[in-house]
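Architecture at a glance
Below, each chain spelled out in residue letters.
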Amino acid sequence: MPGHRLTAVTGLALALTLGAGAVAGPAEAAGYRYWSFWDRQGTTWTYATQGPASAHPSDGDVQGFRFAVSADSKDAATPRSAPTFAQVCASTPAKPGRKRVALALDFGTAQDAPGGETPPAPRTACAQVPEDATTADALAAVAKPLRYNSAALLCAIAGYPHTGCGEQVSTKPDAQPTAAPKDTSDSGPSLGLLAGIAAVLTLAAAAIWQSRRRRD
């Protein structure tokens, strides 16, 4: 039945066209609003490989926290300040059985803040805690109140934010990109779309030719 074959192939072409159009259109990227945790390695912030409740910093370490919206650790925003241990803990003398940890606390920007909240200004603090203390202990010593959820995820530092914890949010297509965007110009169909349509039309022509040959 050539008519049925042609209809099926034409339907496939339409589906591919609509599918390609859907892919080509702008989409919202999912991200999460949360506190990220960082280690200062020399002059570089490095995403921490442990959570603050399991990390045990040494005397003289510099660690940071940044509140922001990001999809994962690869695009997470680092603390905007880069303090040294000497700058943060210069006025805190060493004590036997205690260690000093320099903390950089970056509460983020208004763009990343939950609705109705204003982020406090970034600040630093020198936490002097027992030698076996974790980063969470150091944070609690200088930035209360802290808030955690039932899964022990750090939700708030110094009471910010007041609500929410790692919630998913959307990054609008017109948001400021963090990297050079791909060309999404809609001045014409993409090469992939044209190639797909050409392939479908070729199949359609072959189906028509084959059906005519059988009738002959």
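My aim in this report is to walk through the structure given alongside it, one point at a time. (Residues numbered from 1 in each chain as written. Predicted model: local features only at pLDDT ≥ 70, side-chain atom pairs only at ≥ 80, totals over all residues. Heavy atoms only, no water.)

The peptide bond linking lysine 144 to proline 145 adopts the cis configuration, its omega dihedral lying at 0 degrees. As for its placement among the helices and strands, proline 145 is situated in the loop between helix H3 (135-142) and strand E6 (147-148). Looking along the chain, the bond that leaves tyrosine 160 and enters proline 161 is cis, with omega of -5 degrees. Its identity is not glycine, yet alanine 158 carries a phi of approximately 55 degrees, on the positive side. Among the structural elements, alanine 158 can be located in the loop between strand E7 (154-156) and strand E8 (168-171). By relative accessible area, which is 28% here, alanine 158 ends up partly exposed. (Helix = DSSP H or I, 4+ residues; strand = E, 2+ residues; numbered from the N terminus. Buried < 20%, exposed > 50% of the residue type's maximum accessible area, 1.4 Å probe, protein only.)

It is worth spelling out the packing of aromatic side chains at this point. Describing an aromatic ring pair means giving the distance of the ring centres and the angle of the ring planes. Scanning all chains against the criterion turns up six aromatic pairs. Here the aromatic rings of phenylalanine 67 and tyrosine 160 are separated by 5.4 Å at their centres, their planes lie at 75 degrees, and the arrangement is edge-to-face. Of this pair, phenylalanine 67 sits in strand E3 (residues 62-70) while tyrosine 160 sits in the loop between E7 and E8, and the two are 93 residues apart along the sequence. You can call phenylalanine 67 buried: its relative accessible area is 2%. A connected cluster of aromatic rings, assembled from ring pairs, spans Trp35, Phe67, Phe107 and Tyr160. One cation-aromatic arrangement involves arginine 40 over tryptophan 45; the distance from NZ or CZ to the ring centre is 5.1 Å. (Phe/Tyr/Trp six-rings, centres within 6.5 Å; stacked < 30°, edge-to-face > 60°. Lys NZ or Arg CZ within 6 Å of the ring centre and 35° of its normal.)

What follows concerns the state of the cysteines. With the rule as written, the count across this model stands at two disulfides. The side chain of cysteine 89 participates in a disulfide bridge whose partner is cysteine 126; the two sulfur atoms lie 2.1 Å from each other. In this structure the cystine formed by cysteine 89 and cysteine 126 twists about its S-S bond by roughly 110 degrees; its chirality is therefore right-handed. With cysteine 89 in helix H2 (residues 85-89) and cysteine 126 in strand E5 (residues 123-130), this residue pair connects regions lying 37 residues apart in the sequence. For the residue pair cysteine 89 and cysteine 126, the accessibility class agrees, reading buried in each case. Here cysteine 155 pairs with cysteine 165 through a disulfide, and the sulfurs are 1.9 Å apart. Because the sign of the S-S torsion sets the handedness, a value of about -70 degrees for the bond joining cysteine 155 and cysteine 165 places this disulfide among the left-handed ones. Of this pair, cysteine 155 sits in strand E7 while cysteine 165 sits in the loop between E7 and E8; the two residues are 10 residues apart in sequence, bridging distant segments of the chain. Looking at the protein, its bonded cysteines, counted consecutively from the start of the sequence, adopt the pairing 1-2, 3-4. (Disulfide = S-S within 2.5 Å.)

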